[in-house]
Amino acid sequence: LAPAARPPGHRTDIGAAIRTALGLLPASGARRIVLMSDGRDTAGGAFEAAALAASAEVEVAVVPLGAAAAADARIDTLQAPAEVRPGERFEVRVWAEASEPASGILRLFLAGREVWQEAVRLPPGRTLIRVPQEAVRPGALTYEARLEAAPDDLVENNRGFAVVQVVGAPAVLYAARERGPLPWWLRAQGVEVQETAPEALPAEAAGYAGIPAVVLDDVPATVLSPAQMRALREYVSAMGGGLVVVGGPHAFGPGGYAGTDLEATLPLSMDVRHRVAIPSVAVVLVIDASGSMGSFGPEIAKVELAKEAAQSVIDLLGERDLIGVVAFDQAPHWLARPTEARQREQILTQVSRIAAGGGTNLYPALLEAERALRQVEAKVKHVIVLSDGQTDPGDFQRLVTRMAREQITLSAVAVGNDADQEFMRDLAAWGRGRYYFTRDLYTIPQIVTAEAVLATRAYLIEEQFLPLVSPASPLLRGLAPPPLGGYVATAPKPSATLHALTPQQDPLLASWQFGLGRAVAFTSDARPRWAARWLSWRDAALFWSRLVRWTAAAPSGELEVQAQVEGDVVHVVLDARDRAGTLLTDLEARAQVVGRGTPAALEQTAPGRYEGRLALEEPGGYLVTVEARRGGRLVGVGRTTIAVSSSPELAAAGAGGGVLSRLVEVAGARVIASPGEVLTPPAGGGKQRVPAWPPLTGAALGLFIAEVALRRLPVIHEIGGRAVAAVLAWLRQAPPPPGDEDREYEAADQWRPARGEPEASADMEQAARLYIARLRQLQESDRPRERS
């Protein structure tokens, strides 16, 4: 036996296992299915499957796998109100359960951030802990409780989840590192605005529940984690939300959008290699490969992320641009001297050989980079240093300042919490470049990508121009935008709608439908740097409110969605009505757990009611969306939240014994006590089925051949006819079987008078009988002659 796949460990479907075994068994013979289980059936179809096996005369034998008694402290339920109002106080209730006295720490997290902790003592049984909370703003609050207790032999069931919907007036979420005039413009048009820092954006799509649109104002991707950008993508595509991205010197290509989920959500691409204005570029990556760049604990090694960063840079450069890679520990090592980026495969092969180890001496590596860039012909020469800054001393200021005078710029990326940030910041300042510090190692490729595109200087176009407005644009109808002072160069995606262009035919304002939602990109800014004349434009507030309102998610009041967790599946119900209250019976509905799996179709079970089931694999707080279409056209999107705690697999020990007992009592299964019983023939021995078609088919074939021979061969027909005639003649001449009258004649011929009867009387009676019998015999013998 070689199983092709490993079943998921978060659920048990005994019924599916029995049905699969039935399909593998032969059609007849002594058949047995041996079920080895602890009896925890999360799907609930074991009894029906066992009854099916019994009807097919297949024996089901059970081997109970009882877990040894163990100490267990777990979170049984996390309870919170389904809906609250902004500013309302409420309680999060944690029900903990312990098999024996335990103690430990209970923590409560909101959207991944710890908001409460307390030392707890748990007696045997269930214990309730109350945690006060307060709703601040509209949206979905995802709570997670974690229990760290001892004694506890099963830690997988020490988490619980709950989702609270804060219902209030829908507010647009505005994110910017520095606040611009956009919130004021939106509020002037009656749009509710909620301001936040980019780093505080939700990392789960459920955190955007109730938010109609999100505005990013000159936000670089380097300050967002991959989870935050993935949540934004799911918010637009699966939840039907709106996204407005406003440009600036830190957005789009210079902001490291290339290759991220944020770029995938936008109607614009960061690849501008089609522009003829791109100058030739030479970039040298100086990568720290010392021992401090290795991995510590579960973290991925810094040097591995540096390799990934090198690949990102190489992919972005043009075919004729130059890329060099030098790694250093105690001494520098050229992995690839400045080479055309078209040789990317060979360069990446060399980069893949970097291994962390040894001391740290950055100065010789910078000297090597300077010497190499002096010898190449390029309009832009740039060095990117990736290191934690923990290096041997050297005269770095003189070296880097000299490089800057030679038009060789340098940017520094400080990696890790233990980085020497002051030294790395000074390097960037001396080299007239940019300084980055990252605690999240996974943002290194984004930072280096942004550095590569900034080095080309092709992204930032700073010149006065008048926007070219499309007359068919619904976003700019009736508006005459004033001139702008610059923009970020991008390329439109094939399905994007261009509302305004620059004189160089680059996109200025673009939009598209992305999944269930909409996204808009404005490549200039909304600040005095490029939009100084827009600050006094009387229609500026109207323009920005149009963009936000066009992208904003439509309210889902006509689609009422309910979801209930049932074991390891989610039962979804959609009640659809129009504004007049009429039930909608002609919809095509699909449901999806945002960020988990593919959508599933809902079936109409009653007028206007659609139902279906979705599978869930992991505990957590989730958002369920239902899209309703009519003839392929989107009618609306409904949303609701659910919370899934630990799998039933991780419930208290001994919870599955009843299932096995019922299989034995109700479904006729039997318990196997020793391995030898597995191969013991069943009591009935099993019925052997013999196919009946071979003899029947042979007989039919023989009769068919005989019938054809009689009809087709005259000789056989003639001989057969004569044989039949002879048999019939013989049958006519043969004496008939003795009838009742012949028996009387024979009896009369042997008659004797009874005792006491006179002899004469007996003789006369006997003679009469003989006469009658012979007369009848004569008549019978004459009949054939009369016929002939």
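Further up the page is the structure itself.
Just so we're clear, the structure is a prediction, and the values are computed from it rather than from any experiment.

Novice: I'd love a proper account of the overall build of the protein chain, names of residues and values included.
Specialist: Secondary structure summary: the protein chain contains 18 helices and 36 strands in total. A burial count over the protein chain gives 46% of its 788 residues as buried. A separation of at least 24 residues holds for 70% of the contacts in the protein chain among residues at least 6 apart in sequence. Accessible area of the protein chain: about 40100 Å², with a carbon and sulfur share of 53%.

Novice: Lay out the pairing of strand β11 (residues 172-175) with the relevant residues and their values.
Specialist: On β11, burial covers both faces: V172 and Y174 on one face and L173 and A175 on the other are all buried. Where β11 meets strand β12 (residues 193-196), 4 bridges bridge the pair, whose relative direction is parallel. The partner of Y174 across the bridge, within β12, is E195. In this region the chain leaves β11, passes through helix α3 (residues 182-188) and returns to the parallel neighbour β12; the handedness of that crossover is right-handed. Sheet topology places β11 next to strand β13 (residues 213-217); 3 bridges connect them, and they run parallel.

Novice: Account for the nonpolar core, naming residues and giving values.
Specialist: Of all hydrophobic cores here, the largest spans 78 residues; its most connected members are Y208, L216, L243, F543 and W544. At 6 residues, the largest contribution of residues to this core is made by helix α13 (residues 540-551). Of all hydrophobic cores here, the second largest spans 30 residues; its members include V286, A369, A414 and F423.

Novice: Kindly report on the packing of helix α9 (residues 396-405) against helix α10 (residues 421-430), identifying the contributing residues and their values.
Specialist: Relative to each other, α9 and α10 sit at 30°, their axes nearing to 8 Å. Overall, the two elements α9 and α10 adopt an arrangement that is roughly parallel. Across from F396, Q397, V400, T401 and A404 in α9, the residues of α10 making contact are F423, L427 and W430. In the contact of α9 with α10, the residues fall into 6 nonpolar, 2 polar and no charged.

Novice: Tell me about the packing of aromatic side chains, residues and numbers included.
Specialist: For the structure shown, the criterion picks out 16 aromatic pairs. Taken together, a centroid distance of 6.2 Å and an interplanar angle of 75° make the contact between F90 and Y143 edge-to-face. Highlighted residues: F90 in strand β5 (residues 89-98) and Y143 in strand β9 (residues 139-150), separated in sequence by 53 residues. Here the two residues F90 and Y143 agree in accessibility, since each one is buried. Considering the side-chain rings of F465 and Y487, the 5.4 Å spacing of their centres and the 80° angle between planes classify their relative orientation as edge-to-face. In this pair, F465 sits in the loop between β22 (460-461) and β23 (468-469) while Y487 sits in strand β24 (residues 487-488), placing the two residues 22 residues apart along the sequence. There is no split in this pair, since F465 and Y487 are both buried. In this structure an aromatic cluster arises from ring pairing among W185, F522, W534, W537, F543 and W544. Between R518 and the ring centre of W550, over which it is positioned, the NZ or CZ distance is 4.3 Å.

Novice: Can you lay out the side chain of K381 for me, pointing to particular residues and giving the numbers?
Specialist: Within the element layout of this structure, K381 appears in strand β19 (residues 380-387). We note that K381 is buried and unpaired, the nearest opposite charge coming from E377 at a distance of 6.3 Å. Of note is the side chain of K381, whose polar atom sits 3.2 Å from the backbone oxygen of V376. Not counting residues within four places of it along the chain, the set of residues in contact with K381 comprises A282, L373, R374, V376, Q407, I408 and T409.

Novice: A description of the pattern of salt bridges should follow, citing residues and the corresponding values.
Specialist: One pass over the structure, following the stated rule, counts 28 salt bridges. Notably, a salt bridge pairs R179 with E195, separated by 2.9 Å at the nearest N-O pair. Separated by 16 residues along the polypeptide, R179 in the loop between β11 and α3 and E195 in strand β12 bring together distant segments of the chain. Each of R32, E59, R670 and E677 takes part in one network of salt bridges that share partners.

Novice: So what's going on with the sheet that holds strand β4 (residues 83-84)? Which residues, and what values?
Specialist: Across the sheet, 5 strands lie side by side as β4-β10-β9-β6-β7; this open sheet has mixed pairing. Each edge of the open sheet carries a strand with a single partner, namely β4 and β7 (113-122). Both strand β6 (residues 102-110) and β9 contribute to a ladder of 8 bridges, which runs antiparallel. Within β9, the residue paired with I105 across the bridge is E148.

Novice: Account for the sheet that holds β5, with residues named and values stated.
Specialist: With respect to topology, 3 strands assemble into an open sheet ordered β3-β5-β8, the strand pairing being antiparallel. Across the chains shown, the open sheet's two edge strands, defined by having one partner strand only, are β3 (73-79) and β8 (125-134). Direction aside, neighbouring strands of the sheet carry axes that sit 25° apart on average. Of the pairings in the sheet, the one linking β5 to β8 comprises 10 bridges and is antiparallel in character. For R93, the partnering residue across the bridge sits in β8 and is R130.

Novice: Now, about α9: what can you tell me, with residues and values included?
Specialist: Considered for burial, the residues of α9 that qualify are F396, L399, V400, M403 and A404. Seen from one end, α9 has its buried residues packed into an arc of 135°, which puts them on one side. Away from its buried face by more than 90 degrees, α9 exposes R398 and R405. Those residues of α9 hidden inside the fold are in contact with α8 (362-374), β19, β20 (408-415) and α10. Looking one or two places after α9, you find Q407, whose phi comes out positive at around 65°.

Parameters at a glance
- Residues numbered from 1 in each chain as written.
- Predicted model: local features only at pLDDT ≥ 70, side-chain atom pairs only at ≥ 80, totals over all residues.
- Heavy atoms only, no water.
- Helix = DSSP H or I, 4+ residues; strand = E, 2+ residues; numbered from the N terminus.
- Buried < 20%, exposed > 50% of the residue type's maximum accessible area, 1.4 Å probe, protein only.
- Contact = heavy atoms within 4.5 Å.
- Areas by Shrake-Rupley, 256 points an atom, 1.4 Å probe, with all protein chains shown as cover.
- Pairing = 2+ DSSP bridges.
- Right-handed = clockwise from strand over helix to strand, strands pointing away.
- Core = buried A, V, L, I, M, F, W, Y, C linked by side-chain atoms within 4.5 Å.
- Axes fitted to C-alpha atoms, helices over the stretch in contact; angles between N-to-C directions.
- Parallel < 35°, antiparallel > 145°, perpendicular 65-115°, else oblique.
- Nonpolar A, V, L, I, M, F, W, Y, C, P; charged D, E, K, R; others polar.
- Phe/Tyr/Trp six-rings, centres within 6.5 Å; stacked < 30°, edge-to-face > 60°.
- Lys NZ or Arg CZ within 6 Å of the ring centre and 35° of its normal.
- Lys, Arg positive; Asp, Glu negative; His and termini not counted.
- Salt bridge = Lys/Arg side-chain N within 4 Å of Asp/Glu carboxyl O.
- Polar contact = N/O pair within 3.5 Å; in protein donor to acceptor, adjacent residues only side chain to side chain.
- Arc of directions from axis to C-beta.

Remember, this is a structural readout, not a statement about activity or role.
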